[in-house]
Amino acid sequence: MDGESQITLPLFRPKIQDRAEDRARLLWYLRGRGWRTAKDIHLTLGFDDRYTRKLASECEGKIIGSQDGYRLTADATPEDMNEWRGRQQSQIEQMQKRIIITEKAWHSRQNSLAS
């Protein structure tokens, strides 16, 4: 190389052991800090939004997420939990409706192909 630095981009997702370390770092970072936005987490830990969401979902219920960001479940107020639960329930209902609509569309397509 002619004195130029080479940029290295990660081509693979971190290994499971690395994710375990990252989960521990995320749990440590959230402890006692209230709501932390994905941007805060990115600036401090370097995790992008998608990776943070994945780590939070792998933490066995120890982290809740909302439009406010992420926080430890142990630090959540009753209001936080009610809002989180309501959003999760709403997402479940939206997904169930989408499944029904998509299956209807698929079945009607199958019926029209058989005719």
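Since this is a predicted model, take the numbers as computed values, not measurements.

Parameters at a glance
Residues numbered from 1 in each chain as written. Predicted model: local features only at pLDDT ≥ 70, side-chain atom pairs only at ≥ 80, totals over all residues. Heavy atoms only, no water. 1 Å grid on protein atoms, 1.4 Å probe; cavity = no way out; pocket = protein on both sides within 12 Å on 5 of 7 lines; lining within 4 Å. Points joined across faces, edges and corners; volume = space filled by probe spheres on them. Nonpolar A, V, L, I, M, F, W, Y, C, P; charged D, E, K, R; others polar. pLDDT = per-residue confidence, 0-100. Helix = DSSP H or I, 4+ residues; strand = E, 2+ residues; numbered from the N terminus. Salt bridge = Lys/Arg side-chain N within 4 Å of Asp/Glu carboxyl O. Buried < 20%, exposed > 50% of the residue type's maximum accessible area, 1.4 Å probe, protein only.

A. The layout of surface pockets, seen in detail. Counted as a void, the largest pocket has a volume near 340 Å³. Around the largest pocket, the lining is made up of 14 residues, and of these Arg53, Gly65, Ser66, Tyr70 and Gln88 lie nearest the centre. Looking at the lining of the largest pocket, its residues break down into 5 nonpolar, 6 polar and 3 charged.

B. How the structure looks around the confidence of the model for the chain. Taken over all residues, the pLDDT of the chain has a mean of 88, while the share at 70 or more is 84%. For the chain, per-element mean pLDDT is lowest for helix α1 (residues 16-30), which scores 91, and highest for strand β2 (residues 69-72), which scores 96.

C. Main features of the pattern of salt bridges. Overall, the coordinates contain 7 salt bridges when judged by the stated rule. Of the charged contacts, one joins Arg36 and Asp40 as a salt bridge, the two residues approaching to 3.5 Å between their closest N and O atoms. The class of Arg36 is partly exposed, set by a relative accessible area of 23%. Of the charged contacts in the structure, one is a salt bridge between Asp80 and Arg71, with a shortest N-O distance of 2.6 Å. There is no split in this pair, since Asp80 and Arg71 are both buried. Where salt bridges share partners, they join Arg19, Arg23, Lys54 and Glu58 into one cluster.

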